[in-house]
Amino acid sequence: QQYLFVSASLQDLLRVFIRRPGRKWSELPSKVAIQMNDTHPAMAIVELMRLLLDVQRLEWDESWDLTCRVCNYTNHTVMPEALE
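Since this is a predicted model, take the numbers as computed values, not measurements.

(A) The arrangement of the packing of helix α1 (residues 2-19) against helix α3 (residues 43-55) in detail. Interaxial distance between α1 and α3 falls to 10 Å at its minimum, and their mutual angle equals 45°. Relative to α3, the element α1 lies oblique. Seen from above, α1 lies across α3 with right-handed handedness. Counted together, Q2, Y3, V6, S7, L10, Q11 and L14 of α1 and M43, A44, E47, L48, R50, L51 and L52 of α3 form the full contact between these two elements. Its residues assigned to classes, the contact of α1 with α3 shows nine nonpolar, three polar and two charged.

Structure, rendered in C-alpha cells:
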C-alpha cells in the first residue's frame, strides 16, 4: 500500500513537471521538494530513481543528482525500536 501511494504521487509530480513545454530536468530541484517524515515514504528515493531511469530515460548520474537534490528526510525519533 505504501508503494502505491509513493509511486502514484511521484508519477503525478513528474507528469506535472514535464507537462510544461521547454522544461529542463535541471530545473526539477528548484521546482520540487519531496519531504519524507517517516521510514515508509523513504522508498520514494528508490522509486524516483526508477522513474527517472526507466521511464524518463535519464542517465544514472543525472538521476541520482536530481534525487539527492529533491528528496529530504526528517527523523522525529531517536528510539531504536522506532527505526525500521
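(B) The arrangement of the packing of aromatic side chains in detail. With the rule as written, the count across this model stands at one aromatic pair. Both rings, one in F17 and one in W25, keep their centres 5.5 Å apart while their planes meet at 35°; by these two values the pair is tilted. Taking relative accessible area as the criterion, F17 reaches 5% and is therefore assigned buried. We classify W25 as buried; its relative accessible area is 16%.

(C) Structural detail: the environment of Q56. Here Q56 shows up in the loop between α3 and α4 (60-70). Of the residues examined, Q56 reaches a relative accessible area of 26% and is grouped as partly exposed. Ignoring anything within four residues of it in the chain, the contact list for Q56 reads I18, W25 and L51.

(D) Main features of the environment of L52. Counting through the fold element by element, L52 comes out in helix α3. Sequence-wise, L52 and E62 are ten residues apart; in three dimensions their C-alpha atoms are separated by 8.9 Å. Those residues in contact with L52 that lie beyond four places of it in its chain are L14, W25, R57, L58, S63, L66 and T67.

(E) View of the pattern of salt bridges. For the coordinates displayed, the defined rule picks out four salt bridges. Ionic pairing is found between R50 and E47, a salt bridge with its closest N-O pair at 2.8 Å. Linking R50 with E47, this pair stays in helix α3, spanning three residues, or about one helical turn. Relative accessible area serves as the criterion here: at 31%, R50 is assigned to the partly exposed category. Between D65 and R69 there is a salt bridge, and its shortest N-O distance comes to 3.2 Å. Linking D65 with R69, this pair stays in helix α4, spanning four residues, or about one helical turn. Judged by its relative accessible area of 37%, D65 falls in the partly exposed class. Take R69: its relative accessible area is 46%, and that puts it in the partly exposed class.

Procedures and definitions
- Residues numbered from 1 in each chain as written.
- Predicted model: local features only at pLDDT ≥ 70, side-chain atom pairs only at ≥ 80, totals over all residues.
- Heavy atoms only, no water.
- Axes fitted to C-alpha atoms, helices over the stretch in contact; angles between N-to-C directions.
- Helix = DSSP H or I, 4+ residues; strand = E, 2+ residues; numbered from the N terminus.
- Parallel < 35°, antiparallel > 145°, perpendicular 65-115°, else oblique.
- Left-handed = near helix turned anticlockwise from the far one by under 90°.
- Contact = heavy atoms within 4.5 Å.
- Nonpolar A, V, L, I, M, F, W, Y, C, P; charged D, E, K, R; others polar.
- Phe/Tyr/Trp six-rings, centres within 6.5 Å; stacked < 30°, edge-to-face > 60°.
- Buried < 20%, exposed > 50% of the residue type's maximum accessible area, 1.4 Å probe, protein only.
- Salt bridge = Lys/Arg side-chain N within 4 Å of Asp/Glu carboxyl O.

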